[in-house]
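This is what each chain is made of:
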Amino acid sequence: MLYTFRRCPYAMRARMALLQAGRDFEAVEVSLRDKPASLLALSPKATVPVLQLPDGRVIDESWDIMRWALAAPDAQGWWARAQSPANLDLLQRNDGDFKHHLDRWKYPQRYAGETLTPDAHRNSAVEVFLRPLEARLHRAPFLGGATPCATDLAVNPFVRQFASVDPGWFSMLNLPSVQAWLKGWLANPLFAACMVKLPAEGASRFPPL
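Below: a short report on this structure. (Residues numbered from 1 in each chain as written. Predicted model: local features only at pLDDT ≥ 70, side-chain atom pairs only at ≥ 80, totals over all residues. Heavy atoms only, no water.)

### Digging into the pattern of salt bridges
This is how it is decided: Definition used for salt bridges: Asp or Glu carboxyl oxygen within 4 Å of a side-chain nitrogen of Lys or Arg. By the criteria applied, helices consist of DSSP H or I runs no shorter than four residues and strands consist of E runs no shorter than two, each listed in order from the N terminus. Only protein chains enter the calculation, and the probe is 1.4 Å; a residue is then buried if its accessible area is under 20% of its type maximum, exposed if over 50%, and partly exposed in between.
Inspection of the entire model under this criterion finds nine salt bridges. Of the charged contacts, one joins R13 and D95 as a salt bridge, the two residues approaching to 2.8 Å between their closest N and O atoms. Highlighted residues: R13 in helix α1 (residues 9–20) and D95 in helix α4 (residues 85–106), separated in sequence by 82 residues. Residue D95 is classed as partly exposed on the basis of its relative accessible area of 29%. Between D103 and K99 there is a salt bridge, with its nearest N and O atoms 2.7 Å apart. With D103 and K99 both in helix α4 and four residues apart, this pair spans about one turn of that helix. For the pair formed by D103 and K99, the shared burial category is buried.

### Quick notes on the nonpolar core
Across soluble globular proteins, nonpolar side chains have a tendency to be buried as a group. Quick note on the threshold: Residues belong to a common nonpolar core when they are buried Ala, Val, Leu, Ile, Met, Phe, Trp, Tyr or Cys residues joined through side-chain atoms within 4.5 Å. By the convention used here, residues are in contact when the closest approach between their heavy atoms is within 4.5 Å.
Membership of the largest hydrophobic core comes to 54 residues, with the highest contact counts inside it found for L130, L133, V159, F162 and F170. Contributing elements (two or more residues each) for this core: α1, β2 (25–29), α3 (62–70), α4, α5 (118–139), α6 (150–165), α8 (176–186) and α9 (189–194). Residue contributions to this core peak at eight residues, all from α6. Not counting residues up to four positions away in its chain, the partners in contact with V159 are F98, F129, L130, L133, F170, V178, W181 and L182.

Following this line, the structure appears as structure tokens:
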């Protein structure tokens, strides 16, 4: 059972990994304002995604859910290709500085005490993450090289969120490889399946038939 929220980038990457791995699972769409008691009982953090396995084990970190989904067996190498030092560094940048600046640009009302302006956070996000990502994607079409890997799945929901704040501005950036990579993922059937809407209540097979 996966507790998820459709627009949460952490939950999106977990759903894509489960779908890519062909894992059968049910999902519950969580209202962040009214979290179900079953979620709170499983994970004190009460943040999505949370995956409860059939044997009762609970995984409440998105990267760990991706590992469980993709690592064993890893016949197509999705997990192995993500374990290079360059990809692990990129993941750390995404989940660290990039997410920090993204939040403060997208939700400035939540960070009224910030000394930097939202636009300064926006520009810092470009420098700390998107330019290194551009350099990587200029050399190869995916972070896994000629084929994608778990790192592609892990970071594209956050780049999507960044681009959606001001699509016109994003389209004018000199980041052609990032823009083409993101466009490709948004058109990918895996992403479309990941974003299928769930009923507001109860558990449903994912993606719903």
